[in-house]
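# Geometric and topological summary
So the chains spell out like this:
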Amino acid sequence: MKIRKGDEVVVLTGRNKSKKGTVLRVLKEQNKLIVENVNMAKRHTRGNPKTGAPGGIIEKETPIHVSNVALFNPVTSKPDRVGYRKLEDSRKVRYFKSNKEVVDI
């Protein structure tokens, strides 16, 4: 997958279009990501007095498909596509397709 944990991404489609966030988790088997403060859902939970867990309405991030997000390019301040390239020292790195900048060094 071309997007990893800790990357800053922009949502391209859906009700959260154009929101930016950091990837918290990558669900590889489902091709989904959990992005910070994006695709929030409310869950009504009952309290448990034995464990001391409080009840109420909890907001949490739900997974979003990897095809609906793009990596944020800080140079152009826009979402960008990502490709792979090998460097001279034979390391495989990601780069932005628009300006050929290396993402991770």
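Here, the structure is the one placed above.
Residues numbered from 1 in each chain as written. Predicted model: local features only at pLDDT ≥ 70, side-chain atom pairs only at ≥ 80, totals over all residues. Heavy atoms only, no water.

What follows is about the sheet that holds strand S7 (residues 69-73). The strand order across the open sheet built from six strands is S6-S3-S2-S1-S7-S8, with neighbouring strands paired in antiparallel fashion. Every interior strand has two partners, whereas the edge strands, strand S6 (64-65) and strand S8 (78-80), have only one. Here two bridges tie strand S3 (residues 32-35) to S6, and the two strands are oriented antiparallel to one another. Across the sheet, Lys-32 pairs through a bridge with His-65, a residue of S6. (Pairing = 2+ DSSP bridges. Helix = DSSP H or I, 4+ residues; strand = E, 2+ residues; numbered from the N terminus.)

Of all five residues making up strand S10 (residues 92-96), four are buried, and the element is well covered by its neighbours. For strand S9 (residues 82-86) and S10, the ladder comprises five bridges, and the chain directions are antiparallel. By the bridge assignment for S10, Tyr-84 is matched with Arg-94. (Buried < 20%, exposed > 50% of the residue type's maximum accessible area, 1.4 Å probe, protein only.)

Two measures describe an aromatic ring pair: the distance that separates the ring centres and the angle between the ring planes. Counted according to the given criterion, the structure contains zero aromatic pairs. Cation over ring: Arg-85 sits above Tyr-95, and NZ or CZ is 4.3 Å from the ring centre. (Phe/Tyr/Trp six-rings, centres within 6.5 Å; stacked < 30°, edge-to-face > 60°. Lys NZ or Arg CZ within 6 Å of the ring centre and 35° of its normal.)

A separate point is the side chain of Asn-39. For Asn-39, the position within the fold is in the loop between S3 and strand S4 (40-45). Reaching out from Asn-39, the side chain makes a polar contact with the backbone oxygen of Pro-63 at a distance of 3.0 Å. The residues contacting Asn-39, other than those within four sequence positions of it, are Arg-15, Asn-16, Lys-60, Glu-61, Thr-62, Pro-63 and Ile-64. (Polar contact = N/O pair within 3.5 Å; in protein donor to acceptor, adjacent residues only side chain to side chain. Contact = heavy atoms within 4.5 Å.)

Attention shifts here to the nonpolar core. Among the nonpolar cores identified, the biggest contains 13 residues, and Ile-3, Val-9, Leu-33, Val-35, Ile-64 and Val-69 are the most heavily contacted of them. Mapped by element, the contributors of at least two residues to this core are strand S1 (8-11), S3 and S7. Not counting chain neighbours up to four residues away, the residues in contact with Ile-3 comprise Val-9, Val-23, Val-26, Leu-33, Val-66, Val-69 and Arg-94. (Core = buried A, V, L, I, M, F, W, Y, C linked by side-chain atoms within 4.5 Å.)

Another aspect to go through is the pattern of salt bridges. Enumeration over the complete set of coordinates arrives at two salt bridges. Measuring nitrogen to oxygen at the nearest pair gives 2.7 Å for the salt bridge that ties Asp-7 to Arg-94. Linking Asp-7 in the segment before S1 with Arg-94 in strand S10, this pair joins segments that are 87 residues apart in sequence. Each member of the pair Asp-7 and Arg-94 is classed as buried. (Salt bridge = Lys/Arg side-chain N within 4 Å of Asp/Glu carboxyl O.)

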